[in-house]
Structure formats: C-alpha cells, structure tokens
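A look at the structure
Okay, here's what each chain looks like letter by letter:
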Amino acid sequence: MSEPDDRTQRLPIVEQPPPAGPGRSATAYRPTPDPRAGKVRAGRFWSSRRTPAALVALVVLGGAGLLLYDVASVRAGRPAMRWRHVLADNLATRPLGDIRFEVGAAVAMALGLWLILLALTPGLRSVLPMSPGGHRVRAGLEREAAALVLRDRAMEVSGVQSVRIRVKRSRVVARARSHFRGLDDVRTDLNAALEAGITELGLASAPRLSVHVGRPAGKG
C-alpha cells in the first residue's frame, strides 16, 4: 500500500459561515477576527507630491537662472536688466505699507504655508489603510472600490430598490430607497449587511456607519 500524500495533510481549515435558517440572516455572519490584527498600527499612505515639487523646482530654477544670467551680464560690462532697476527703485521709493507689497507678502506667505502643509501631511485621502495583521506588507483600499463592494452587499437586502454609498475616512453613509417592506425592517437588515461588509473589508480602522432609508418619490 502506498503512503498517503503529504500534501493532503497541509490543507488549511477554512471557517464556513453558519447556514442560514429561520431567525438567522446570512448578513449577520461575522468572521473570526485575527488575534494578531491591531498590534501593528497602519498609518495613512504618504503621497509623493510630484506636481508641487516639480512646480517649486521649476520656479526656483527659473528665478536662479535669470538672476545668474543678469549677474553674469553685469560682470561682463553690460547694463543690468530693466526688471532689476524697476525693483530697486520700488524698494527704495515705495513705503512698506504699500498695498502692492502687502498683497505680495500675503501671497508669498500663503504659498509658504501651503508647501509646509504639504510637507507635513501624508495626503492620499482616497486610499484607506488596511489592517496589516501579523504581516509586514502594507495594503490600501480605494474609497470608490470600498463603496462599490458595500453597494453590492446593500443591494442584496430584500426591499432595497436603490442605494448610494459614500465612504469617507472615518464614516460610511448609506442612503437607500425601499419599494416594499417596512422601513424599520429594511434599515435593520441593511445595517447588519453593511456592518458585515465593513468588517470583511479588513480596514485598519473601522469607520462609523450611518444608514438612511426612505421611500421612492411618489410613494408614501
């Protein structure tokens, strides 16, 4: 007799949801949470910010190149560019309280604060970080993809005619229209289905859920 294949002994045991029956809804199933989840904090993803960096680099490069060219021209015995004379005359004759100087200073300060804000914030608000579990791999989920998954789960609820899902960073808002069944019953089942869907998304921080159910226009 041949010995049993070792591969048959390595099959993982997959937990199956309990069968649906009287008094039990399939949307109420909650998968067993991973005990390792939550031990590794998953922060937001940082944006590379290529466009602001490229714009700042181009402005600095253009200004430095123009100034270097003018300085080299003056060193070569040529007159300075007209903009240098105009700038020097304005700085020498106009008071600091002039409206032009104040507007220019306000614009420069706003741009500086914007660049500092971009440097200190992660960005990528459209990507929701997922729970890393016990692994080192970081994963993220687009908000639109999460909304599409939750919408499919919501449309499986009996009585839901249409639903609109908005996934924010810390909140999920669902607005559904029910064409039959009681609104309270539909809201209860829809809330359970969406809570199960949010759990199955595997996000690092589960967003709060807000469910609104109404009748279509023209129905009482």
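Because the structure is a prediction, the values reported are computed rather than measured.

What counts and how
- Residues numbered from 1 in each chain as written.
- Predicted model: local features only at pLDDT ≥ 70, side-chain atom pairs only at ≥ 80, totals over all residues.
- Heavy atoms only, no water.
- Pairing = 2+ DSSP bridges.
- Helix = DSSP H or I, 4+ residues; strand = E, 2+ residues; numbered from the N terminus.
- Axes fitted to C-alpha atoms, helices over the stretch in contact; angles between N-to-C directions.
- Contact = heavy atoms within 4.5 Å.
- Patch = residues over 30% accessible without salt bridge, like charges linked within 9 Å, V, L, I, M, F, W, Y side chains within 5 Å.
- Areas by Shrake-Rupley, 256 points an atom, 1.4 Å probe, with all protein chains shown as cover.
- Salt bridge = Lys/Arg side-chain N within 4 Å of Asp/Glu carboxyl O.
- Lys, Arg positive; Asp, Glu negative; His and termini not counted.
- Charge placed at Lys NZ, Arg CZ, Asp CG, Glu CD.
- Buried < 20%, exposed > 50% of the residue type's maximum accessible area, 1.4 Å probe, protein only.
- Core = buried A, V, L, I, M, F, W, Y, C linked by side-chain atoms within 4.5 Å.
- 1 Å grid on protein atoms, 1.4 Å probe; cavity = no way out; pocket = protein on both sides within 12 Å on 5 of 7 lines; lining within 4 Å.
- Points joined across faces, edges and corners; volume = space filled by probe spheres on them.
- Nonpolar A, V, L, I, M, F, W, Y, C, P; charged D, E, K, R; others polar.
- Left-handed = near helix turned anticlockwise from the far one by under 90°.

This part takes up the sheet that holds strand S5 (residues 208-214). Through backbone hydrogen bonds, the strands of a sheet pair up, either in parallel or in antiparallel fashion. The strand order across the open sheet formed by 3 strands is S3-S4-S5, and the pairing between neighbours is mixed. Two strands in the sheet have a free side with no partner beyond their single neighbour: strand S3 (160-167) and S5. Taken over all neighbouring pairs, the strand axes of this sheet differ in orientation by 15° on average, direction set aside. Of the strands in this sheet, S3 and strand S4 (171-178) touch helix H4 (residues 143-155), which is tilted by about 155° from S3. The strands touched by helix H5 (residues 183-201) are S3, S4 and S5; relative to S5, the strand with the most contacts, the crossing angle is about 150°.

In this section: a positive patch on the surface. A surface patch of like charges, here positive, comprises Arg 164, Arg 166, Lys 168, Arg 171, Arg 175, Arg 177 and Arg 208. Going through the elements one at a time, S3 and S4 are the ones with two or more residues in the positive patch. The leading source of residues in the positive patch is S4, at 3 residues. Note on Arg 208: relative accessible area 57%, which makes it exposed.

Take the environment of Glu 144 next. Among the secondary structure elements, Glu 144 is positioned in helix H4. Residue classification places Glu 144 among the exposed positions, given a relative accessible area of 69%. Separated by 24 residues in the primary sequence, Glu 144 and Lys 168 have C-alpha atoms spaced 9.8 Å apart.

The next subject is the pairing of S3. Bridging between S3 and S4 involves 7 bridges; their strand directions are antiparallel. In the strand pairing of S4, Ile 165 is matched with Ala 174. What sits between the antiparallel neighbours S3 and S4 is a turn of 3 residues.

Membership of the largest hydrophobic core comes to 23 residues, with the highest contact counts inside it found for Leu 150, Ile 165, Val 167, Leu 190 and Leu 194. Among the secondary structure elements, those contributing two or more residues to this core are H4, S3, S4, H5 and S5. At 6 residues, H5 tops the list of elements feeding residues into this core. If we ignore the near neighbours within four places in the chain, the residues touching Val 167 are Leu 128, Arg 143, Ala 146, Ala 147, Leu 150 and Val 172.

What follows deals with a nonpolar patch on the surface. Taken together, the side chains of Val 56, Val 60, Ile 99, Val 103, Val 107, Leu 111, Trp 114 and Leu 115 make up a nonpolar region of the molecular surface, amounting to roughly 700 Å² of accessible area. Within the secondary structure, Val 107 is located in helix H3 (residues 99-120). Judged by its relative accessible area of 45%, Val 107 is partly exposed.

Let's shift gears to the layout of surface pockets. A volume near 230 Å³ is recorded for the second largest pocket. Lining the second largest pocket are 15 residues, and of these Arg 44, Leu 128, Pro 129, Arg 169 and Ser 205 lie nearest its centre. Per element, the largest residue contribution to the lining of the second largest pocket is 3 residues, and it comes from strand S1 (residues 127-129). Partitioned by chemical class, the residues of the lining of the second largest pocket number 8 nonpolar, 3 polar and 4 charged.

To continue, consider the pattern of salt bridges. Any two side chains of opposite charge can pair if their charged atoms end up close together. Summed over the entire model, instances satisfying the criterion amount to 5 salt bridges. Among the ionic pairs, Asp 189 bridges to Arg 181, the shortest N-O distance being 2.9 Å. For Asp 189, a relative accessible area of 27% puts it in the partly exposed group.

Between H4 and H5, whose axes approach to 9 Å, the crossing angle comes to 145°. Where H4 crosses over H5, the two elements pack in a sense that is right-handed. Across the interface between the two elements, Ala 146, Val 149, Leu 150, Arg 153 and Ala 154 from H4 touch Leu 190, Ala 193, Leu 194, Ala 196, Gly 197, Ile 198, Glu 200 and Leu 201 from H5. The class makeup of the residues in the contact of H4 with H5 is 10 nonpolar, 1 polar and 2 charged.

Purely geometric numbers; function is a separate question.
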